Structures are given as structure tokens and as C-alpha cells.
Amino acid sequence: LERHNYAATMMRQTSGGVGPTLHRRRGTKKKSSRIKVTQNALLVLMALCLAVFVMGIMVGSRIVPAASTSLDKSSSSVSSPDHIGVDHLLSDRTAGNANEMKEMQNFLRRGAAVAKTEEVAIAEEIEDPANIYPYDLVPESPDHDFRSWSPPGGDRYTEYKDGDDPYVITPSIIAKSDDVARTRREHVKNAMKHAWGGYKKYAFGHDEVAPLNKSYKDGWGGMGTTLVDSLDTLWLMDMKEEFWEARDWVRDHLKSDIHHTVSTFETTIRSLGGLLAAYDWSGDKTFYDKALDLGERLFHAFDNNVLPSSSVNLHTGTAVSRGSTNIAEAGTLQVEFRFLAEVTGQKKFKEKSERAFEALRKLNPDNGLFPYLVSSGATSFRNAVVTFGAMGDSFYEYMLKLWLQGGKKETVYRDMWDKSMNG
């Protein structure tokens, strides 16, 4: 059964039959109710249904003639242009039964042949020692102390480096992996509790905690950047007490009308994105109001050129342009501003931010790989350096995210992603 389940899983994946998983929102909890049905199980189920149907017809064909023999001969011989005799119907039905029985037998034979082929193929794969998954999947104990853990270093899992999938991943391996992940989940949450505890004790409401000297920094304008950027993580980890305490700070203390020039890119992805994510999860209007106010101020970065200015003064709206920008700064604002447009109904946020992405797309490098420095008017590249690190990474990330955000219907973004990855 395990082998059959694995084969059916692989067939669904290679045929594109795996659909998206929908997640519940607003923090409600619900255990998964999905039932996995393998291809072979479906074949057996269909055969059983067909067999029951045929048996019902056959039993009916025996009952009806028996009842008809008790009828008065004179009444059974009555005929008219609109009347078809019962005997004629039953003879047609009996002939049909024989054909259906043959079809059912052929159907079952085909199903058995498919199952045997799958079983042999998977058995051959697993019997090859090179295909056996070699890594231990040992659950972590609840009291494991990760402070004594030493990272094993790089150059591991090299068999994956060329994109290969070298092992047969059976349902039992998937189940073990899930069990390990569940035991690690609490340790991940404990790490967040530790980090948040340090921030709350030494830097609550400030941009960053300085852990070594147990102090804080306000290098992002004093807008509580760490707090706002952590809101959705607090919600997802079910740290609701900490979430609502942070919400109160946002409501009572967060101000975007500051005479400070901020990075358009960093403030959009951390502060605007953090507020919008918190609103999307909780539905609390505090986050909506603060996000709209900040979004309006940041949006002045789009005033002068097709590509946004790299920085903007949140009080005056003055945008600062260097004559050039990098593709990450210009192409990593769209997810946030498109969502702001959706929740506010103000299309300008969507249209102008998309215009910047479209301008980058029209530069159209042959291999899909964009040099990271581009002119503010998006007329040309200013260097020939391609990077998936700083100044370039998130531009490629947003190609795929925009396609997903749009319900996988805006193929232009997926085409850009595919071209870049192939490049």
C-alpha cells in the first residue's frame, strides 16, 4: 500500500494534479480534513460501484419476470402503438448486462495491470541502495537545549546542488519528516519568545535591539521597525498576548509624520508590509489606518520618475533620487502597494507600482538576468553586474510572488520568472 500511495502521489505531481492548499485566517484552528485517495484505490472504488449497479440490474431482471407471470394472459397480450412489452425490455436489458459485465472485467484487469507495473517499478527503485533516503529523521525532545548545538557547517547535501532528486521519498519518510518538524516547531517558537523577550525588555517601541550592550537603535526613523515587522510572526506563532500588546503600541505611539528621510524599499517591505499583514490576519482597523497613512507618504517616491525614488521624506513628501536605482529597490514594492490598493479601493497604488515593474520588464535582457543598476527613467542599465544577492535578490522573488498574488492569472510575471530561472 505504501508503494502504491507513493506511485499515485508521484503521478499526480508529474501531471500537475496537485492543487493549492487553502489556509484559514483570523487565527481559527482546524485540523486537516483532507483524505488522500490513491489512483488504485479510486479504480477499486469505481469497480465496486459498477459491480453493485450491474448486480442491481440482474436481480431486477429476475424479479420483474416472476411478477409478470402472475398477470392475466389477456392483459399481458394487450398491445397498442404506445405500448412496449415487458418481455422485450427485459431481453434488451439482459443483452446490455452481458456487455457491461465484460466492460467491468476489462476495467478490473487494466487496474490490476497498472497496480502491478507501479509496484514493480517502485520496488526496483527502492531496492537500489543509492535510492534509499540516507538521513536520520529523529524527533527532538521537548527539553532539548539548542544552546549546546554546534552547526555542522557547509558542503552538505551536495547531491542536490544540480537540482537532482536522488532519493525515493515514500509516504513513511514523509510522515517521519512531518513528525520531526512538529517536534522542532516548539523550539522555533521558543527562539522567537527569547528574541521577543530581549526586544521587549531593552528596546520595546524602538527600531532595533542592541543585544550586546542591552540597548536599542533607531536607525530607521524611530518607527518601531522591529515591532511592526514582527506582528504577523507573533500572530502566526499564536503569541496573541504579545501581538495585542504590540497593537496597543502601534495604536498609541506609532507616527509616520516624521521629518525624516527613509529608504523607500526598506520602509515598504518592513513597516508597510508589517502593518498590512497584521491587518490581513487580525482585521483590526488600527493597522488599516496606520498602513494607509504610511502608504500615502511613501507613495511620493513615485512622483518624479517611472521608477520610484530610493528615499523619501515622510513629512514633506520630498523624494530623493540619485539618477539611478537598483532593481531590488524598484521591483520589490509591488506586493505591498497592490494589496494596499485592494483593501483601500485606491487603484493608484496598484497602477503606479506595476508601471515600475513593467518598465524593468521592457529592458528585457536576453537571458532574463538583469544587471542590478538601472537608470531612474528605466531607459538603460548602468552596469553589467548580475547578482542574486543584495540589490538584486528580491526583484526575482517578486516576479513569482506577483504571479501568486494575482491568482496565477498574470502570466507576464510567471514568464519573467521562468526566463530568469532558465537564464
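Remember, it's a predicted structure, so these values are computed and weren't measured experimentally. (Residues numbered from 1 in each chain as written. Predicted model: local features only at pLDDT ≥ 70, side-chain atom pairs only at ≥ 80, totals over all residues. Heavy atoms only, no water.)

## Topic: the sheet that holds strand β4 (residues 311–313)
Sheets are built from strands paired through backbone hydrogen bonds, the pairs being either parallel or antiparallel.
Part 1 of the reasoning: Across the sheet, which stays open at both edges, the three strands sit in the order β3-β4-β5 with antiparallel pairing between neighbours. Of all the strands in the sheet, the pair left with one neighbour each is β3 (261–263) and β5 (319–320).
Part 2 of the reasoning: Bridge analysis of β4 against β5 gives two bridges, and the strand direction is antiparallel. Within β5, the position partnered with V312 by the bridge is A319.
Part 3 of the reasoning: Against the sheet, helix α9 (residues 264–282) contacts β3 and β4, and its axis sits at roughly 70° relative to β3. (Pairing = 2+ DSSP bridges. Helix = DSSP H or I, 4+ residues; strand = E, 2+ residues; numbered from the N terminus. Contact = heavy atoms within 4.5 Å. Axes fitted to C-alpha atoms, helices over the stretch in contact; angles between N-to-C directions.)

## Let's talk about the confidence of the model for the protein chain
Part 1 of the reasoning: Here the protein chain averages 82 in pLDDT, and 74% of its residues register 70 or above.
Part 2 of the reasoning: The model gives residues 1–35 a pLDDT under 50, and that stretch makes 42 contacts with residues more than four places away or in other chains.
Part 3 of the reasoning: Here residues 62–94 is a poorly scored stretch, pLDDT under 50, and it has eight contacts once near neighbours within four places are set aside; other chains count. (pLDDT = per-residue confidence, 0-100.)

## Describing the side chain of S311
Part 1 of the reasoning: Note on placement: S311 falls in strand β4.
Part 2 of the reasoning: Contacts of S311, omitting those with residues within four sequence positions, involve T261, V262, S263, T264, T318, A319 and V320.

## Notes on unusual backbone geometry
Part 1 of the reasoning: In this structure, N364 takes a positive phi of about 45° despite not being glycine.
Part 2 of the reasoning: Looking at the secondary structure, you find N364 in the loop between α13 (348–363) and β7 (373–375).
Part 3 of the reasoning: Taking relative accessible area as the criterion, N364 reaches 45% and is therefore assigned partly exposed. (Buried < 20%, exposed > 50% of the residue type's maximum accessible area, 1.4 Å probe, protein only.)

## Quick word on the pattern of salt bridges
Part 1 of the reasoning: Counting across every chain of the model gives 22 salt bridges.
Part 2 of the reasoning: In this structure, E410 engages R338 in a salt bridge whose closest nitrogen and oxygen atoms are separated by 2.9 Å. One end of the pair, E410, is in the loop between α14 (393–405) and α15 (411–422); the other, R338, is in helix α12 (residues 334–344), with 72 residues separating them in the sequence.
Part 3 of the reasoning: Ionic pairing is found between K401 and E397, a salt bridge with its closest N-O pair at 2.6 Å. Of the two residues, K401 and E397 are both situated in helix α14; the distance of four residues between them amounts to about one turn of the helix.
Part 4 of the reasoning: Judged by its relative accessible area of 38%, K401 falls in the partly exposed class.
Part 5 of the reasoning: A single salt-bridge network, built from bridges that share partners, covers R247, D248, R251, D252 and D284. (Salt bridge = Lys/Arg side-chain N within 4 Å of Asp/Glu carboxyl O.)

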